[in-house]
Each structure stands twice: as C-alpha cells, then as structure tokens.
Amino acid sequence: VENYEFQAEVGKVMDIIVNSLYSNKDVFLRELVSNAADACDKKRFLALTESDAPPEPMKLRIRADKDARTLTIEDNGVGMQKSELIENLGRIARSGTANFVKSLEQDSSDVSLIGQFGVGFYSAFLVATKVEVVTKSFKDSQADQKAWRWTSQGGTFTIEESPQEDFFGEQSGTKLILHLKEEAQEYLDSGKLSDLLKKYSEFITFPIELWNEKVQYDQVVDESAPAPKEGEKPKMKSVPKSVFQWETMNKMKPIWLRNPDVVNQTEYSEFYKTTFKAFDEPLTTTHFKVEGQIEFRALIFIPSTMPFELTRDMFADAGRAMRLYVKRVFINDKFEDL
C-alpha cells in the first residue's frame, strides 16, 4: 500500500466539501454519473482512434447495499492507470480547482455548480466518509492490465493493487464505492436513487441500470381452501415475492439535440407528455438553435390547458417548467428572472 497526500489545492476543496453545510447533497449523484458517462465517451473515442479492438457495449450500473451501507457506481468506460489515479484524483492543480475555491469563498453555501469547475468527483465526500475507486485501464494491453484501488477518507489517500476485484466490463472500467455517512442513508433507498437518476441523468447517452427491488406474484395452491372435488383443479392464490433485477433508468432521447425538420409532431407530443407529466397535447411547439459566442438549442412547449400548479397559485415555483441541460445533464430549473 502506498500513501499519498492530496495537493494543497485539492486538499482545500476536500476540506470545504467534507465540512459543507450545503443542504442539497443530491448533486453528488449527478456529478458521479456524468463522470462515468464521460469515461464511456473517452473509451469510445480511444477505440476509434488508437485501438484495433471495438469497444464492448458500454453502460453504468448503480447498486446500493443496505447491510454494508455502501453505494456503488460502476461503468465499463476507459478506466485509469495508476499514474492517472494519482494525477486525476489527488495531484494536479487544475485551474478549475482554484476557481472553485475562489467561488466558494464568495458564496460558501452553494456547491451545486461543482461540476463546471472540473472537480465534480469530490462531491462524493458530501455523502461519504470514505471513498474507494477501483479501476482497470483500456489503455493497458490485456496481458499487462492491472486493477488498482484508490482509497481516501479525506486529507490523504492510498493506492494498492486489487487483483481479486470483479468488474462487469471485460475490457476495462471503474467502480466507485461510497461508504455513506450516517445522515446520508437515504441514498440506499432504490426509490430515492431512481427519482434522482430520472431527474438529473434521464438523457445520458449510455444506459444507466439500477439494482432495483420488484414485487412479483407467484401462483401457489391455497392450502386454506377446501379440498377440490374429483376432476377439479385446486384453488390457487397469489403470493408476493421480492426479486432484485437491473432496471434501465434512462429510456427517453433528448429530441432537442436533433434538427427540428426531422422531428415529427408525434415525437414532440410524446416527449412533452413524458417529460412534463402532462395529459394534454401541446398548443404549440417552438424548437430552434442559436449559434454565436454562446451556442444553445431550445425546445419550448405551450400547454393547451393551464398546469395544475398554476390553477392554485399563478406564481408557484412548481409551475416554472424551464429546465437547463448541459451536455444532456440537468443543471437547474430555478430562474428568478424568467
């Protein structure tokens, strides 16, 4: 086991996050899922430019273990070598790190924009007392490939080989294991995780699978019923049974990224109803792209009936259905000036 100190800048970020009083800790999942999706993107790019082997189908898997109080986020993306673990997670003084610290010194209550500074990984410490990263790199040949384990509880980190680790990806991948704080046990609930994934990461390119509990009903003979007469079938009853299975969370496609001339009215209507939980048809739809110093795409629906929230209060926050997505990731829906 090798021991390392975090670089001063990174240590400062860690300090701020570990001791943060920020109430919306949900953003940690958005950041870690975005990082995992980026790792899959990088693997796809490397496979096209530098590798002879095509990449395996890529996806993310999220699993909560209530007994161990851990939350595991795994991808079969590009992975990291030992040197990259040291540099990316502990050493490099990126300009983003300094900018993030400067931003928090001005407003210490808001760490929700951590991702825009490139230090989103450290948001794991909003909810975890200890973080483990186990990874094997796509850049290594199969013969030389090793799995490495990075572990930190803040302040320092260790790196060691992890030869016995299982990955669902055959070529490469990264597994984040978060040992959750006492006050963060809510993130072991699959319902809570499902809601967050659908809110923040519904439009991520790669499938996100959640280890989810489902209730199935088996038909068994009803022992309490009278015995069947000759030639009759015994009376049956339904018995509930809990089963766990992988469930895909992000099935909706971000149609605003497509050109308006190739999207038909049925697709707009389906997207409107699913995304905004609406029952009416949109009265009109506006879909456009702006290019210049800032580039963005916008998709605006005018409902044909007044949203329920506004029937009770014309100024209700819930009625403001304007959402900002950056790289397919939900960032914000609170815009005071709109």
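Residues numbered from 1 in each chain as written. Predicted model: local features only at pLDDT ≥ 70, side-chain atom pairs only at ≥ 80, totals over all residues. Heavy atoms only, no water.

1. A look at the overall build of the protein chain
Broken down by element type, the protein chain carries 7 helices and 13 strands. Across the 338 residues in the protein chain, those meeting the buried criterion constitute 42%. Sequence-distant contacts, at least 24 apart, represent 65% of the contacts inside the protein chain between residues at least 6 apart. When the accessible surface of the protein chain is totalled, it reaches about 19700 Å², and 50% of it is carbon and sulfur. (Helix = DSSP H or I, 4+ residues; strand = E, 2+ residues; numbered from the N terminus. Buried < 20%, exposed > 50% of the residue type's maximum accessible area, 1.4 Å probe, protein only. Contact = heavy atoms within 4.5 Å. Areas by Shrake-Rupley, 256 points an atom, 1.4 Å probe, with all protein chains shown as cover.)

2. Overview of the nonpolar core
Leu29, Ile62, Phe121, Val131, Val133, Trp150 and Leu178 are the most contacted members of the largest nonpolar core, which totals 65 residues. The leading source of residues in this core is helix α2 (residues 27–49), at 8 residues. Apart from the residues lying within four places of it in its own chain, the contact partners of isoleucine 62 are Leu29, Val33, Leu71, Thr72, Ile73, Leu197, Ile208, Glu209, Leu210, Trp211 and Trp246. If you look at the next biggest cluster of nonpolar residues, it comprises 5 residues, including Ala39, Leu46, Ala47 and Phe138. (Core = buried A, V, L, I, M, F, W, Y, C linked by side-chain atoms within 4.5 Å.)

3. A look at the packing of aromatic side chains
Per the counting criterion, the structure on display carries 22 aromatic pairs. The interplanar angle of 80° and the centroid separation of 4.9 Å between the aromatic rings of phenylalanine 203 and tryptophan 256 together place this pair among those described as edge-to-face. Of this pair, phenylalanine 203 sits in the loop between α5 (190–200) and β8 (208–221) while tryptophan 256 sits in the loop between β9 (236–248) and α6 (265–276), and the two are 53 residues apart along the sequence. Overall, phenylalanine 203 belongs to the buried group, its relative accessible area being 1%. The class for tryptophan 256 is buried, based on a relative accessible area of 12%. (Phe/Tyr/Trp six-rings, centres within 6.5 Å; stacked < 30°, edge-to-face > 60°.)

4. Concerning the confidence of the model for the protein chain
Looking at the protein chain as a whole, the pLDDT averages 85, with 86% of positions reaching at least 70. Of all the helices and strands in the protein chain, helix α4 (residues 95–106) carries the lowest mean pLDDT, 64, while strand β3 (residues 70–75) carries the highest, 97. (pLDDT = per-residue confidence, 0-100.)

5. Quick notes on the side chain of aspartate 222
Here aspartate 222 is to be found in the loop between β8 and β9. Only 2.6 Å separates the side chain of aspartate 222 from the side chain of serine 224, close enough to count as a polar contact. When residues no more than four places from it in sequence are discounted, the contact partners of aspartate 222 are Lys235, Met236 and Lys237. (Polar contact = N/O pair within 3.5 Å; in protein donor to acceptor, adjacent residues only side chain to side chain.)

6. Some points on α5
For α5, the set of buried residues is Leu193, Ser194, Leu196, Leu197 and Tyr200. For α5, the angular spread of buried residues about the axis comes to 165°, placing them on one side. Those residues of α5 hidden inside the fold are in contact with α2, β2 (60–65), β3, β8 and β13 (329–332). (Arc of directions from axis to C-beta.)

7. Side note on the sheet that holds β3
The sheet built from 9 strands is open, its strands ordered β1-β6-β5-β4-β7-β3-β2-β8-β9 with mixed pairing. Every other strand in the sheet has two partners, leaving β1 (2–5) and β9 as the edge strands with one partner each. Across the sheet, the axes of successive neighbouring strands diverge by a mean angle of 20°, strand direction being ignored. The pairing of β1 with strand β6 (residues 156–161) spans 4 bridges and is classified as antiparallel. Bridged to glutamate 5 within β6 is threonine 156. (Pairing = 2+ DSSP bridges. Axes fitted to C-alpha atoms, helices over the stretch in contact; angles between N-to-C directions.)

8. Quick word on a positive patch on the surface
A cluster of like positive charges, contributed by Lys198, Lys251, Lys277 and Arg323, occupies part of the molecular surface. Structurally, the position occupied by lysine 277 is in the loop between α6 and β10 (282–290). When its relative accessible area of 65% is taken as the criterion, lysine 277 is described as exposed. (Patch = residues over 30% accessible without salt bridge, like charges linked within 9 Å, V, L, I, M, F, W, Y side chains within 5 Å. Salt bridge = Lys/Arg side-chain N within 4 Å of Asp/Glu carboxyl O. Lys, Arg positive; Asp, Glu negative; His and termini not counted. Charge placed at Lys NZ, Arg CZ, Asp CG, Glu CD.)

9. Comments concerning the pairing of strand β4 (residues 128–136)
Burial of β4 is extensive: 7 of the 9 residues sit out of reach of the surface. Where β4 lies against strand β5 (residues 148–154), 5 bridges are found, and the strand directions are antiparallel. Counterpart to valine 133 in the pairing with β5 is tryptophan 150.

10. Points about the environment of valine 326
If you trace the backbone, valine 326 turns up in strand β12 (residues 324–326). For valine 326, a relative accessible area of 43% corresponds to the partly exposed category. Each C-alpha atom, one on valine 326 and one on phenylalanine 296, is 9.3 Å from the other, the two residues being 30 residues apart in sequence.

11. Digging into α6
Between its first and last C-alpha, α6 extends 16 Å over 12 residues, near the 16 Å set by a 1.5 Å rise per residue. Every buried residue of α6 is accounted for by Tyr268, Ser269, Phe271, Tyr272 and Thr275. The buried residues of α6 occupy one face: seen down the axis, they fall within an arc of 165°. Summarising the geometry of α6, the exposed residues directed more than 90 degrees from the buried face are Thr266 and Glu270. Check the buried side of α6 and you find it contacts β10 and β11 (296–303). (Expected span 1.5 Å × (residues − 1).)

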